[in-house]
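Tertiary structure, described
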Amino acid sequence: MEGKVSQDESRRMVSEFFVKSLNVILGARIPSKYLQPATSSSSASASTNKSFNLVLVNSPMRNKCHLSVVEPIVVDVLLLHHGSSACAAIEDHVFRWSPSQQTQQSQSLLERWVVHCVPWACLKSSEKTTQSPDHVTKNKTATAKKPPLSRRSVAAPPPSAEEKKNPWKKAMKMLSIMLRSLYNLTRLLPAYRIFQQLNSSSSRGSPGCCHFDLSYKVRSTLSVTGHGSSDKSLCKFNLTPVETELGRMCISVKYSDAASVERAIQRTNSIFSEIIQDYVGGGGGDGGGGSSGSSQNPHFAVKDRRICAATRTMSSNIPAAEVAAVAAVKRSYSSPLNPIELDQQQELVCPFACDDERKVSRDAAAGALITALVSAVPIEKSPPRDKCSRATGTLREALRELRSYTDIARKKAVNI
Amino acid sequence: MNCEIFHLRELDVEPYQIREVLRCILHTVMFNRALGLVRPHDVDSELFDLTYVQCGDLTFEKKMEEKIDQLIAWVEKHPNKKITVCLSFYETRSKQNAWFGHKMERLYWEQWYVTLNTTVQQSHLRSKPHHDKLGDALDLMTDERSKRHALLESGLKEVMLQILQQVNEKKDHVPPVTSQDVVSFPYEISIPSSSDSSFGMDMFKRMLQTGPPTMLG
């Protein structure tokens, strides 16, 4: 009787694990624009959200699906080019992918996740181990090195009274660790950057500005279907399997490395630079002084995360407060750009007047700070006199300009 | 129960990068060992193009930041040195002592060693002759720094993947969860001591206080 209860609990635990792992993967890959608004949460979905002691914010699978504990779950994450949109629909009982308009050539396979509880009957007899919690389990993974003999004989701690009564509790602990690693892994892989960019653009109310999109396909077979790129060229990462009463729970991922992802994105006519057409700025004789000037002759600014990286490297001699200021500026920017192009960007000028009060204090100061840091020379402890005067002269000039912008901003704010 | 010891790959860092590197690594380890009810908090690194995950335990975050502050102060006094930070998990057991009665001792079951080679980069301007263009020297410095930064970022990602590999490879030694706290197991963060210039002395002192790891049962 106890064995039957334990088996039922194991089955329920494995089923919940499938749902949870799917939520972890899709929650970090489905852009928010495709997520349905949260409906009133039932007690069932609330308890699923807290299963394995891991509370998830994004749970695309709000209701439990009838998932087979024997069949694997295969999730393909795809990069769609040229603005073709697709939305993968997950219904309660059926996994269905509904592309709107795409061809094989417009997709790139970014990742392939496989979550599978391999039944004991399918495993080779040589890999089977006993299920007693007192025995040391020998977990093998293709990518892990064999630990030295002294490590392999490390004894597990004796099971607690709870674990002795319910053997599946130990498997629950192992699966909890595995789920946390999966959560971490989804944030570390290159595709997460694309997910963040898509979310960022949709939250700004400009979802159409990206010339790419993310889509996915969920299925229960391991057979490979072409998506414009073979999965043989993908990198691989396996989490060490966890043994349960039903079988061995395995999670693996094949993913495109960062360089491949960049190449795939650049094929969509560069999404790294985003032109802010309503950016208000001015400089010199471009007529950026007044509202009419700014609307007729807008300056284009490039949001560039690596601008801040370039300024960071030059600001290492600047006190911590300034470094924090650079980091704050960095957070307001999103897309990377080759720092070499920075010098060639003539449009990256500080606006000295702005008719949009909301942007006066923020963008003007940010632009001024970036220009100041880029053009300034790192201050040496005891530089030669002539270089010192030139270096500090340049920095003084830049700081003077920055002060004048903030003064203008302050005056405008007072006059409002 | 033997103590599982993990030595993470060494990283070359500049002093201003120490805080962020340690945040990424220590938070990653703790998130994977915090088996209480966790509300994960995704954090985009301030210095690197990556995201790490916090377990949401404010006490751990506070303790970690304090230790990092102490470490940075130590690094300022001992520049260009190799530093090792250790995150340890332990159990407390009551030990019967013939002379002093009951004594609480710590049994370490896992230790993570983070080794950083700190380098203070000198400006190259001084090595350049007078008449060289300042701009060329600046470009050279910026390029070299950018390369080192990119190398560190790549190394940091590898370290984080290494952590994910090892937390899963070795799970059998993790004790049963008995606490309801977010961070289920007591932990300790060790840094080079301010009075000593070597990390080994600090470890030796701790061993004298707690004794070596012992076998259970």
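Residues numbered from 1 in each chain as written. Chains lettered and ligands numbered in written order. Predicted model: local features only at pLDDT ≥ 70, side-chain atom pairs only at ≥ 80, totals over all residues. Heavy atoms only, no water.

**Regarding the side chain of Glu111(A)**
Residues and elements named next belong to chain A. We count it as follows: Strands are runs of DSSP state E lasting at least two residues, helices are runs of H or I lasting at least four, and both sets are numbered from the N terminus onward. Burial classification: accessible surface area is computed with a 1.4 Å probe over protein chains only, and a residue below 20% of its type maximum counts as buried, one above 50% as exposed, and the rest as partly exposed. Any N or O atom pair separated by 3.5 Å or less is treated as a polar contact, with the protein-specific requirement of one donor-capable and one acceptor-capable atom, and with residues adjacent in sequence counted only for side-chain atom pairs. Whether two residues touch is decided by their heavy atoms; if any such pair falls within 4.5 Å, the residues are in contact.
Looking at the element boundaries, glutamate 111 is found in strand β4 (residues 107–119). The class of glutamate 111 is buried, set by a relative accessible area of 1%. A polar atom in the side chain of glutamate 111 sits 2.8 Å from the side chain of arginine 29. For glutamate 111, the contacting residues outside a window of four places in its chain are Arg29, Val75, Asp76, Val77, Leu189, Ala191, Val253, Lys254 and Tyr255.

**Examining the pattern of salt bridges**
Using the following cut-off: By definition, a salt bridge exists where a carboxyl oxygen of Asp or Glu is found within 4 Å of a side-chain nitrogen of Lys or Arg.
Using the criterion set out here, one finds 21 salt bridges over all chains in the structure. Between Glu243(A) and Arg248(A) there is a salt bridge, and its shortest N-O distance comes to 3.3 Å. Glu243(A) gets classed as buried once you look at its relative accessible area, which sits at 13%. Residue class for Arg248(A) comes out buried when judged on its relative accessible area of 7%. Note that Glu14(B) is salt-bridged to Arg145(B), the shortest N-O span being 3.6 Å. Of this pair, Glu14(B) sits in the loop between β2 (11–13) and α1 (18–33) while Arg145(B) is found in helix α3 (residues 134–169), placing the two residues 131 residues apart along the sequence. Residue classification places Arg145(B) among the buried positions, given a relative accessible area of 6%. Beyond isolated ion pairs, a larger network of salt bridges with shared partners links Arg19(B), Glu20(B), Arg23(B), Glu65(B) and Asp69(B).

**Brief notes about helix α5 (residues 168–188) of chain A**
Quick note on the threshold: Every helix has an expected span of 1.5 Å times one less than the residues it contains.
Between its first and last C-alpha, α5(A) extends 30 Å over 21 residues, near the 30 Å set by a 1.5 Å rise per residue. Counting buried positions over the 21 residues of α5(A) gives 19, a clear majority of the element.

**A word on the sheet that holds β4(A)**
Sheets are built from strands paired through backbone hydrogen bonds, the pairs being either parallel or antiparallel. Residues and elements named next belong to chain A. Quick reminder of the rule: Whether two strands pair comes down to DSSP finding at least two bridges between them. Every axis corresponds to a line fitted to the C-alpha atoms, with the helix fit spanning only the stretch in contact, and the corresponding angles, defined between N-to-C directions, vary from 0 to 180 degrees.
Spatially, 5 strands are ordered β5-β1-β4-β7-β6 in an open sheet, and the strand pairing comes out antiparallel. Of all the strands in the sheet, just β5 (212–219) and β6 (235–243) have a single pairing partner and so form its edges. On average, each strand axis in the sheet is tilted by 10 degrees relative to the strand beside it, whichever way the strands run. Pairing between β4 and strand β7 (residues 247–255): 9 bridges, direction antiparallel. From the neighbouring strand, valine 118 faces β7, where its bridge partner is arginine 248. Packing of α5 onto the sheet brings it into contact with β4, β6 and β7, and relative to β6 it is tilted by some 165 degrees.

**Observations regarding the confidence of the model for chain A**
As a general rule, the predicted coordinates of low-pLDDT regions are not to be interpreted in detail. Residue and element names in this part refer to chain A. Convention followed: Think of pLDDT as the predictor's per-residue confidence, scored from 0 to 100.
Overall, the predicted model of chain A reaches an average pLDDT of 65, with 39% of residues at or above 70. Here helix α3 (residues 149–152) is the element of chain A with the lowest mean pLDDT, 37, and β7 is the one with the highest, 95. Segment residues 83–105: pLDDT under 50, and 59 contacts once partners within four positions in sequence are set aside and those in other chains are kept. Note that residues 282–323 has pLDDT below 50 and, in this model, 102 contacts with residues that lie over four places away or in other chains.

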